[in-house]
Amino acid sequence: LKSLAEVINNTKDIMVMIEGHTDNVPIKTKLFADNWDLSSARAISIVRILTKDYGFDSNRITASGRSQFHPVETNETPEGRASNRRTEIILSPDLQELYKLLYQ
């Protein structure tokens, strides 16, 4: 994350979305009501590290929980479920300047 923060801190026209994902095994604990909570917490933890520890601009980052609905592997095996418990970092250009040019 430190290396990523160094790159994106120096690239001002990039927006960042952190997506949290889970497997399809239901969870219900004192901390997490369900897989939506867990996936959101995963994303939020990365956002906090990037913003608090590495100084990334909070205005350019979003946390998103995707729960179990976007698996990359089968949930039928322990290995597949482990692959589905993840975070993804999505980089996209900040299109505000383009919009300004289009709608002048």
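Refer to the structure printed above.
Note on numbering: residues in each chain are counted from 1, in written sequence order. The predicted origin of the model limits local features to residues at a pLDDT of at least 70 and limits the giving and counting of side-chain atom pairs to 80 or more, whereas totals for whole chains, interfaces and linings rest on all residues. The basis for every side-chain value is the complete set of non-hydrogen atoms in the structure, without hydrogens or water.

Undergrad: Could you give an account of the overall build of the protein, naming the residues involved and the relevant values?
TA: Secondary structure counts use DSSP, requiring at least four H or I residues in a row for a helix and at least two E residues in a row for a strand, with both numbered from the N terminus. Across its full length, the protein holds four helices and three strands. Its helices and strands in sequence order give the protein the pattern α-β-α-β-α-β-α, from N to C terminus. Atoms considered for the radius of gyration are the C-alpha atoms alone. The globule rule reads 2.2 Å times the number of residues to the power 0.38. The C-alpha radius of gyration of the protein comes to 16 Å, more than 25% above the 13 Å expected for a compact globule of 104 residues. Taking all 104 residues of the protein together, the buried fraction comes to 28%. Note on classification: 1.4 Å probe, protein chains only; a residue is buried when its accessible area is under 20% of the maximum for its type, exposed when over 50%, partly exposed between these limits.

Undergrad: Give a detailed account of the side chain of S64, specifying residues and quantitative values.
TA: Mapped onto the fold, S64 is located in strand 2 (residues 61-65). Residues count as neighbours in contact if any of their non-hydrogen atoms are within 4.5 Å of one another. The residues contacting S64, other than those within four sequence positions of it, are M17, I18, E19, G20, S39 and A43.

Undergrad: Would you mind going over helix 1 (residues 2-9) in detail, with residue names and values included?
TA: Buried within helix 1 are the following residues: A5, I8 and N9. End-on, the buried residues of helix 1 take up no more than an arc of 100°, which puts them together on one face. Facing away from the buried side of helix 1, by more than 90 degrees, are the exposed residues S3 and V7. Elements that come into contact with the buried residues of helix 1 comprise strand 1 (14-20), helix 2 (35-53) and strand 3 (87-93). Within this analysis, the arc is defined by the directions that extend from the helix axis to the C-beta atoms.

Undergrad: Describe a nonpolar patch on the surface, and please don't skip the residues or the numbers.
TA: A cluster of nonpolar residues, L95, L98, Y99, L102 and Y103, forms a patch on the protein surface that exposes about 540 Å² of accessible area. Mapping Y103 onto the fold places it in the segment after helix 4 (96-102). We classify Y103 as exposed; its relative accessible area is 68%. Think of a patch as exposed residues, more than 30% relative accessible area, with no salt bridge, where like charges cluster within 9 Å and nonpolar side chains (Val, Leu, Ile, Met, Phe, Trp, Tyr) cluster within 5 Å. For every accessible area listed, the method is Shrake-Rupley and the probe measures 1.4 Å; residues are considered covered only by the protein chains on display. Salt bridges are identified by distance alone: a Lys or Arg side-chain nitrogen within 4 Å of an Asp or Glu carboxyl oxygen.

Undergrad: Which residues make up the nonpolar core, and what values do they have?
TA: We call a set of buried residues a nonpolar core when its members are Ala, Val, Leu, Ile, Met, Phe, Trp, Tyr or Cys and they connect through side-chain atoms within 4.5 Å of each other. Counting residues in hydrophobic clusters, the biggest one holds 11 residues: A5, I8, I14, V16, I18, A43, I46, V47, L50, F56 and I61. Where this core is concerned, the elements lending two or more residues are helix 1, strand 1 and helix 2. Among the elements that line this core, the one with the most residues is helix 2, at four residues. Excluding anything up to four places from it in sequence, I18 contacts A43, I46, V47, L50, I61, T62, A63, S64, E88 and I89.

Undergrad: Pulling in residues and values, what's your account of the sheet that holds strand 1?
TA: Spatially, the three strands line up as an open sheet ordered 2-1-3, and their pairing is mixed. Because the sheet does not close on itself, it has two edges, and the strands there are strand 2 and strand 3. Ignoring which end each strand starts from, the neighbouring axes of this sheet average 20° apart. Sheet contacts for helix 2: strand 1, strand 2 and strand 3; angle to strand 2, the most-contacted strand, approximately 160°. A strand pair is defined by DSSP finding two or more bridges across the two strands. The axes are straight lines fitted to the C-alpha atoms, using for helices just the contacting stretch, and the angles between their N-to-C directions are given from 0 to 180°.

These figures capture arrangement, not role.
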